[in-house]
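Report on the structure
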Amino acid sequence: DGESRVVIAADNLACYEKARSEILRLVGDVSVGEEFNGIVKSTQPYGAFVEIFPGREALLHVSEIVQSEDRKTSPLAPRADELVSIGDRLRVVVTEYDTIRGLIKISQVKDRLTTNNN
């Protein structure tokens, strides 16, 4: 059927994440519903680009960002840079994957990881 399985054995979560990132960098495939610990690499008013594994970024639309009560946002529609900052670590899930264009859309998982600003 052409499928392969990779099993990762690690002593701790940090080692597991490092091995997983390296494997994903080499094979570079994602699936809808798959979750990642990502890092915000850049922001635009409409969203943030989050590195989900080394060398692979995905779009987190501003409407998919979990709003934190400790951030001040505009009373109208908030901009992405009002909600997240470059370097923030976020738990995200793949919501769409366009295999033809290689575009990945993600949504933030409600329980946000720590940010570099706190």
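In what follows, the accompanying structure is described. Being a predicted model, the structure only gives us computed values, none of them experimental.

So, on to the overall build of the protein chain. A tally of regular secondary structure across the protein chain gives two helices and five strands. Going from the N terminus to the C terminus, the protein chain shows its helices and strands as α-β-β-β-α-β-β. The long-range fraction of contacts in the protein chain, counting pairs at least 24 apart against all pairs at least 6 apart in sequence, stands at 49%. Surface accessibility of the protein chain: about 7,900 Å² in total, with carbon and sulfur atoms responsible for 50%.

Now for the environment of Q108. Here Q108 shows up in strand 5 (residues 103-108). The sequence separation of Q108 and T95 amounts to 13 residues, and the corresponding C-alpha distance is 9.9 Å. Ignoring any residue separated from it by four or fewer positions in sequence, one finds Q108 in contact with L60, E64, I65, V66, L90, R91 and V92. At a separation of 2.8 Å, a polar atom in the side chain of Q108 contacts the main-chain amide nitrogen of V66.

On to the sheet that holds strand 4 (residues 89-98), then. In spatial order, the strands read 1-2-3-5-4; together these five strands close into a barrel with mixed pairing. The average angle at which neighbouring strand axes cross in this sheet is 50°, direction not considered. Bridging between strand 3 (residues 56-61) and strand 5 involves two bridges; their strand directions are parallel. The residue of strand 5 that forms the bridge with L60 is I106.

Conventions adopted
- Residues numbered from 1 in each chain as written.
- Predicted model: local features only at pLDDT ≥ 70, side-chain atom pairs only at ≥ 80, totals over all residues.
- Heavy atoms only, no water.
- Helix = DSSP H or I, 4+ residues; strand = E, 2+ residues; numbered from the N terminus.
- Contact = heavy atoms within 4.5 Å.
- Areas by Shrake-Rupley, 256 points an atom, 1.4 Å probe, with all protein chains shown as cover.
- Polar contact = N/O pair within 3.5 Å; in protein donor to acceptor, adjacent residues only side chain to side chain.
- Pairing = 2+ DSSP bridges.
- Axes fitted to C-alpha atoms, helices over the stretch in contact; angles between N-to-C directions.

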